[in-house]
Amino acid sequence: MTDTVICRRAEEADTGQIKALWSTCFDDTPAFVDWYFNRYYRHENTLGIFENKNLLASAQVIPYAIQLRGRKLGCGYVVGVDTAPEARNRGYARRLLSACLELERQKQHAVSLLMPFEGQFYYRYGYPFCYFHQQIKIYPKELRCAAKPWGVVNETDAFTVIDELQRIYEQYTAAYDGFVVRSRESWQLLLEDGALDQTRCYLIEQDGRAEGYCFWTELEDAILIREMAWCSEEARTGLLYFLMETAPETRKLWLELPADDVLAGQLAVSKTAAVQYPFLMARIVDVKACLEALCYPIEVKASFRMQVSDAFAPWNHAVFEVTAADGQAVVQKLEYADGSSGEGADIAITIEGLSQLVMGARSAQKLHRQKELACGPEYLAVLQQLWPEQSLYFNEYY
């Protein structure tokens, strides 16, 4: 009997069904859904599970570029993974995610990104958390030990100052890795999305030059500062002073900050909780292609065999010979016969561990301690040199 359920790339004629399924599965406003499918959605980035012509499940892979370890890398951001209520528990999400990875491999994406509704659903597919946010909810007066008057802050039409926003963003993210390389088009879409929630843009200026910005959104129970960026410590403390002086005393500020931000240690009420929030998952799409795409410390020379365990992407489930020299790596995939144990490998690591190591989310020492990496001390030192832990930043939601 012929299987009438297929997984395929979406066509333009499928957009209505995909939009309707999104509305069924996600708690977004009709205004956002209309905007998303008019301005952001692309059928060529979408995969669907169809029975005859009826959509049962879908997922989108949004192309992005991130800056990682000295290189601008293509990646895919998996969003909108949804299944019709009557079609759940049939393995369609697994089938879709497998197809997404295949699509990303074809597009030569180095990394696959995913924002989960629950981490436990995606761990089985080799996605670990790599990006974290720090969430702080405080009354404005609690900023008094960190805030200092500096510069002039004015509300501005964000669409008219995209070049200034981009300049500040580039200077701010220079201290991080793994961040999105934003374009003028991506800024336009980001600001259009914010406009749906009446988000305000404030610039802090000194001597007529913009030195920082923040995006302010009024919620029912708080004022959300979804993104802040600055070019100097003075601009940071000046923005905090503006928030302290401008926000109503009785309303909480909800600050979304990078995981390494120092504000939590500067609050007046020092026992205020700063929540370390698991924000985004990431996994390597193709081990060989990813490792060869990165820059390495020029002084490091190393050669080793690494066994990677990847139950979801069979092309990664192998032993790789890695040779690093002159700031580059050459990676050769070795034969890995079924049933072999990877005997002779110097290093054994899970795809989750390798993804976190390469992204800089966790150090080799931490992975070794938690049994996601096995190797001798000499190779542990090499891994630390090749892929040191680093501060990551990512603030895109789809």
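Here the structure is shown first, and the text comes after it.
Starting afresh in each chain, residues are numbered from 1 along the sequence in its written order. The model is predicted, so local features are restricted to residues of pLDDT at least 70 and side-chain atom pairs to those at 80 or more, both for listing and for counting; the totals for chains, interfaces and linings are taken over all residues. Heavy atoms from the whole structure form the basis of all side-chain values; hydrogens and water molecules are not counted.

Asker: Looking at this model, I keep getting lost on the overall build of the protein. Mind explaining?
Answerer: In DSSP terms, a helix is any run of H or I states spanning at least four residues, a strand is any run of E spanning at least two, and both are numbered starting from the N terminus. Helices and strands together make up the secondary structure of the protein, namely eleven helices and 18 strands. Put simply, the radius of gyration uses C-alpha atoms, and a globule should come to 2.2 Å times the residue count raised to 0.38. By the compact-globule yardstick of 21 Å for 398 residues, the protein fits well, its C-alpha radius of gyration being 23 Å. Its C-alpha atoms give the protein principal-axis dimensions of about 65 × 55 × 35 Å. Working definition: with a 1.4 Å probe on protein chains only, accessible area under 20% of the residue-type maximum means buried, over 50% means exposed, and in between means partly exposed. Relative to its 398 residues, the protein shows a buried fraction of 52%. Every residue pair with non-hydrogen atoms within 4.5 Å of one another is taken to be in contact. Residue pairs at least 24 apart in sequence account for 73% of intrachain contacts in the protein once pairs closer than 6 positions are excluded. Within the protein, the 54 negative side-chain charges are centred at a point lying 3 Å from the centre of the 39 positive side-chain charges. In this tally Asp and Glu are treated as negative and Lys and Arg as positive; neither His nor the chain ends contributes. Note on charges: their place is set at NZ of Lys, CZ of Arg, CG of Asp or CD of Glu.

Asker: Would you explain the layout of surface pockets in this entry?
Answerer: Think of a ball as big as a water molecule: rolled over the atoms, this probe shows where empty space is left. Put plainly, a pocket is an open set of points on a 1 Å grid over the protein atoms alone with protein on both sides within 12 Å along at least five of seven lines, a cavity is a set where a 1.4 Å probe fits but cannot get out, and a lining residue has an atom within 4 Å of a point. Grid points are joined across faces, edges and corners, and a volume is the space filled by probe spheres set on the points. Each pocket or cavity is described by its volume, and for the second largest pocket that value is around 470 Å³. Secondary-structure elements contributing two or more residues to the lining of the second largest pocket are α2 (30–40), β3 (54–68) and α6 (184–196). It is α6 that provides the largest number of residues to the lining of the second largest pocket, a total of six residues.

Asker: Before we go on, may I ask you to explain the packing of helix α1 (residues 15–25) against α2 in this structure?
Answerer: Between two packed helices, what matters for the description is the angle formed by their axes and the separation of those axes. Closest axis-to-axis distance for the α1/α2 pair is 11 Å, and the angle between their directions is 145 degrees. Along this stretch, α1 crosses α2, giving a crossing that reads as right-handed. Judged by residue contacts, Thr15, Ile18, Lys19, Trp22 and Ser23 of α1 engage Phe32, Val33, Asp34, Tyr36 and Phe37 from α2. Tallied by class, the residues present in the contact of α1 with α2 amount to six nonpolar, two polar and two charged. Interaxial angles span 0 to 180 degrees and are taken between N-to-C directions of axes, which are lines fitted to C-alpha atoms, for helices over the stretch in contact. Two helices cross in a left-handed way if the nearer one is turned anticlockwise from the farther one by less than a right angle. They cross in a right-handed way if the turn is clockwise. Throughout, the ten residues Ala, Val, Leu, Ile, Met, Phe, Trp, Tyr, Cys and Pro are labelled nonpolar, Asp, Glu, Lys and Arg are labelled charged, and all others, Gly among them, are labelled polar.

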